[in-house]
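# Working through the structure, step by step
The lines below spell out each chain.
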Amino acid sequence: MNVRLNYRSSLHVAALMLLTSLLAGCGINTIPTLDEQAKAAWGQVQNQYQRRADLIPNLVETVKGYAKHEQDTLTAVIEARAKATSIQVDASTLDNPEKLKQFQQAQDQLTGALSRLMVVSERYPDLKANQNFLALQSQLEGTENRIAVARRDFILAVQKYNTEIRTFPGRLWHSVMYSDLPIRETFEATSPDADKAPQVKF
């Protein structure tokens, strides 16, 4: 009797181990893994936007000392920063395309305001030579590059996730176990004429 129980118990353990290894190897964990990677990539995008927002007050203060009568431009930068940082986003934003679009539009407005600020700086040779301004300008340029890289990584993470839930066997696992996870929206250009190269005039 004991031998039979031990045999059945061993058989159940072996069957459970076989089932576990089959499930682990068949991609059942791929969808949640890719979903988490997309969320992590989105977190990095937010991190870089926050870094840019943190640099702006110092940049505005440095420019203010040299370009006092450029108040409109400085105010536009401050207001754009306030709007961009007021839109609260988190991982759930990935499930809300409208909120993601609002967030991106606010960031684009901030980018435009910063561009105007950099044009203003060209009019002030003393400002252009100021070490604080040069350091802040360099950090801001580096941050813009980091934002571009973080957005690219997010786009790739969303592409992998969306591809997985739309192809076999991921589509099967999605319909059976992960139907609550939607197809993710990715970044789209929200600036007008973003597909056209800017004209540079001297």
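All values derive from a computational prediction rather than experimental measurement. (Residues numbered from 1 in each chain as written. Predicted model: local features only at pLDDT ≥ 70, side-chain atom pairs only at ≥ 80, totals over all residues. Heavy atoms only, no water.)

## Quick notes on the overall build of the chain
The test is simple: Working definition: helices are DSSP H or I runs of at least four residues, strands are E runs of at least two. Numbering for both runs from the N terminus. Each residue gets one of three labels from its accessible area relative to the maximum for its type: buried under 20%, exposed over 50%, partly exposed in between, using a 1.4 Å probe on protein chains only. Residue contacts are defined here by distance: any two heavy atoms, one from each residue, within 4.5 Å place the two residues in contact. Per-residue accessibility takes into account occlusion by the displayed protein chains alone, with areas from the Shrake-Rupley method and a 1.4 Å probe.
For the chain, the helix and strand inventory stands at 7 helices and 0 strands. Written out in order from the N terminus, the α and β elements of the chain read α-α-α-α-α-α-α. Burial status across the chain gives 33% buried among its 202 residues. Considering only contacts in the chain between residues 6 or more positions apart, those separated by 24 or more positions represent 79%. Accessible surface, the chain: about 13000 Å² in total, of which carbon and sulfur atoms supply 55%.

## Some details on the confidence of the model for the chain
Where we set the bar: What pLDDT expresses is the predictor's confidence in each residue, scored from 0 to 100.
Overall, the prediction assigns the chain a mean pLDDT of 83, with 82% of residues at 70 or greater. Counted against residues more than four places away or in other chains, residues 197–202, with its pLDDT under 50, gives 0 contacts.

## Some details on the packing of aromatic side chains
To be explicit about the condition: Think of it this way: a Phe, Tyr or Trp ring, Trp meaning its six-membered ring, pairs with another when their centres are within 6.5 Å, and the plane angle makes it stacked under 30 degrees, edge-to-face over 60, tilted otherwise.
All chains considered together, the criterion is met by 3 aromatic pairs. Summarising the aromatic geometry, the rings of Trp-42 and Phe-103 are spaced 5.4 Å apart at their centres and angled 65° between planes, so their arrangement reads as edge-to-face. Pair noted here: Trp-42 is in helix 2 (residues 30–66) and Phe-103 is in helix 4 (residues 97–121), with a separation of 61 residues, a long-range link. For the pair shown, Trp-42 and Phe-103 are each scored as buried. Between the aromatic rings of Tyr-49 and Phe-103, the centroid separation amounts to 5.5 Å while the plane-to-plane angle is 75°, which identifies the pairing as edge-to-face.

## Re the environment of Ala-80
Within the secondary structure layout, Ala-80 lies in helix 3 (residues 71–86). Residues Ala-80 and Leu-110, spaced 30 residues apart in sequence, show a C-alpha to C-alpha distance of 4.9 Å. Beyond its immediate chain neighbours, meaning those up to four positions away, Ala-80 contacts Gln-109, Leu-110 and Ala-113.

## Quick notes on the packing of helix 2 against helix 6 (residues 131–166)
Rules: Angles shown run from 0 to 180 degrees and are taken between the N-to-C directions of axes, each axis being a line fitted to C-alpha atoms and, for helices, limited to the stretch in contact. Any angle that falls under 35 degrees is termed roughly parallel, while one over 145 is termed roughly antiparallel, one within 65 to 115 roughly perpendicular, and all others oblique. Here a crossing is called left-handed whenever its near helix is offset anticlockwise from the far helix by less than a right angle, and right-handed whenever the offset is clockwise. Side-chain classes follow a simple rule in which Ala, Val, Leu, Ile, Met, Phe, Trp, Tyr, Cys and Pro form the nonpolar group, Asp, Glu, Lys and Arg form the charged group, and the remainder, Gly included, forms the polar group.
Contact pair helix 2 / helix 6: the axes reach a minimum separation of 8 Å and the direction vectors enclose 165°. Judged by the inter-axis angle, helix 2 sits roughly antiparallel to helix 6. Helix-helix and strand crossings are classified by hand; for helix 2 and helix 6 the assignment is left-handed. The residue inventory of the contact of helix 2 with helix 6, partitioned by class, reads 20 nonpolar, 9 polar and 9 charged.

## A few points about helix 2
Put simply, the test is: By this rule, a helix spans an expected 1.5 Å times one less than how many residues it contains. Each residue is assigned a bend, namely the angle between axes fitted to the seven residues that terminate at it and the seven residues that start at it.
For helix 2, built from 37 residues, the straight-helix expectation of 54 Å at 1.5 Å per residue is met to within 8% by its first-to-last C-alpha distance of 55 Å. If you look at helix 2, its biggest bend is around 30°, right at Ile-56, and the proline Pro-57 turns up within four residues after that.

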